[in-house]
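Each chain is listed here by its residues.
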Amino acid sequence: MTIRVLHGVFGLISIFLLFPTIVWSQETVIAATKVGECELRVEVYDQWHTLRLRAFHPQATGCDIGRESILAILDEAFSKIRSPQLEKSYTSLSLGRLIDYPWMCQYLANAARTDSGWDSRKGKPVAMDVNKYVASLLFRKELLAPIEAVLAKNGYSLTGVSVEKVLVGSFHDVPLYQREMFQGRVPFDAQVWLRLEKD
């Protein structure tokens, strides 16, 4: 019994020594606002040189966070990280799940539907990994130009998009979609990161 306890203690100590940033890392909220029933926050993770946009919402209630709300909170957050107390170089901005931003989900679904590189019958790209494919659709000026403008104003450039955990479904799965329900399967949700570079 004593040996098992000691083994467990030494195992925990090993985790603390090998992964100190995981154990001790804490986020700092630098901007927050209410959007309907939801709260939108921007958090800083200094150990990883990353920022995170997070939507907090009541259980079983989705968020409808529009583009203007995102632009406003990003402008506030990036103007704060330029202060001497917080000024560092951040390399990525996590958006979390795209499904919290219905306008982005709708853009993604429609972009895939009209793109020759997407097979809507099979629900997958014609000749590319689905994560890379969705990242390429999201890294378009027509979608990201307003965000790029906010970043440029605050001394940052947007250099790319990274994606994982893509969800594919019908247009009935696309949040708040009210246009024609086209046939076929399209990507509508994913975990998304914007890659940043300080100018």
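Structure's up top.
Cut-offs and rules
- Residues numbered from 1 in each chain as written.
- Predicted model: local features only at pLDDT ≥ 70, side-chain atom pairs only at ≥ 80, totals over all residues.
- Heavy atoms only, no water.
- Helix = DSSP H or I, 4+ residues; strand = E, 2+ residues; numbered from the N terminus.
- Buried < 20%, exposed > 50% of the residue type's maximum accessible area, 1.4 Å probe, protein only.
- Contact = heavy atoms within 4.5 Å.
- Areas by Shrake-Rupley, 256 points an atom, 1.4 Å probe, with all protein chains shown as cover.
- Phe/Tyr/Trp six-rings, centres within 6.5 Å; stacked < 30°, edge-to-face > 60°.
- Lys NZ or Arg CZ within 6 Å of the ring centre and 35° of its normal.
- Salt bridge = Lys/Arg side-chain N within 4 Å of Asp/Glu carboxyl O.
- Axes fitted to C-alpha atoms, helices over the stretch in contact; angles between N-to-C directions.
- Parallel < 35°, antiparallel > 145°, perpendicular 65-115°, else oblique.
- Left-handed = near helix turned anticlockwise from the far one by under 90°.
- Nonpolar A, V, L, I, M, F, W, Y, C, P; charged D, E, K, R; others polar.
- Pairing = 2+ DSSP bridges.

Novice: What is the right way to read the overall build of the chain from this model?
Specialist: For the chain, the helix and strand inventory stands at 6 helices and 8 strands. Mapped in sequence order, the helices and strands of the chain form the string α-α-β-β-β-α-β-α-β-β-α-α-β-β. Split into buried and exposed, the 199 residues of the chain put 38% on the buried side. Within the chain, contacts between residues at least 6 apart in sequence are counted, and of these 65% link residues at least 24 apart. With the model as given, the accessible surface of the chain reaches about 11,400 Å², and the carbon-plus-sulfur share is 55%.

Novice: So what exactly am I meant to see when it comes to the packing of aromatic side chains here?
Specialist: Two numbers describe a pair of aromatic rings. These are the distance of the centres and the angle of the planes. As enumerated under the stated definition, the model contains 5 aromatic pairs in all. Among the aromatic residues, ring-to-ring pairing joins Phe171, Tyr177 and Phe182 into one connected group. A cation over an aromatic ring shows up here: Arg113 above the ring of Phe182, its NZ or CZ 3.6 Å from the ring centre.

Novice: Which parts of the structure should I look at to understand the pattern of salt bridges?
Specialist: Side chains carrying opposite charge are able to pair once their charged atoms draw close together. Applying the stated criterion across every chain, the model contains 8 salt bridges. Between Arg97 and Asp189 there is a salt bridge; the shortest N-O distance is 2.4 Å. You can see Arg97 sitting in strand β4 (residues 92-97) and its partner Asp189 sitting in strand β8 (residues 186-198), a full 92 residues away along the chain. Among the residues examined, Asp189 registers a relative accessible area of 1% and is labelled buried. As a salt-bridge pair, Lys141 and Glu148 come within 3.3 Å of each other at their nearest N and O atoms. Residue classification places Glu148 among the buried positions, given a relative accessible area of 18%.

Novice: Explanation requested: the packing of helix α3 (residues 67-81) against helix α6 (residues 141-153) in the structure shown.
Specialist: A pair of packed helices is characterised by two quantities: the angle between their axes and the separation of those axes. One way to put it is that α3 packs onto α6 with a least axis distance of 9 Å and a crossing angle of 15°. Our classification of the angle between α3 and α6 gives roughly parallel. Here α3 runs over α6; the crossing is right-handed. Residues Arg67, Leu71, Leu74, Asp75 and Phe78 of α3 form the contact with α6, whose own contacting residues are Pro146, Ile147, Val150, Leu151 and Lys153. Here the contact of α3 with α6 is built from residues that sort into 7 nonpolar, no polar and 3 charged.

Novice: Looking at this model, I keep getting lost on the pairing of β8. Mind explaining?
Specialist: Remember that side chains alternate between the two faces of the sheet whenever the strand is regular. Relative to β8, β4 is paired through 5 bridges, and the arrangement is antiparallel. Note on β8: the bridge partner recorded for Arg97 is Gln191. The sheet contact formed by strand β7 (residues 156-169) and β8 spans 11 bridges and is antiparallel. Among the inter-strand pairings, Gly160 is bridged to a residue of β8, identified as Arg195.

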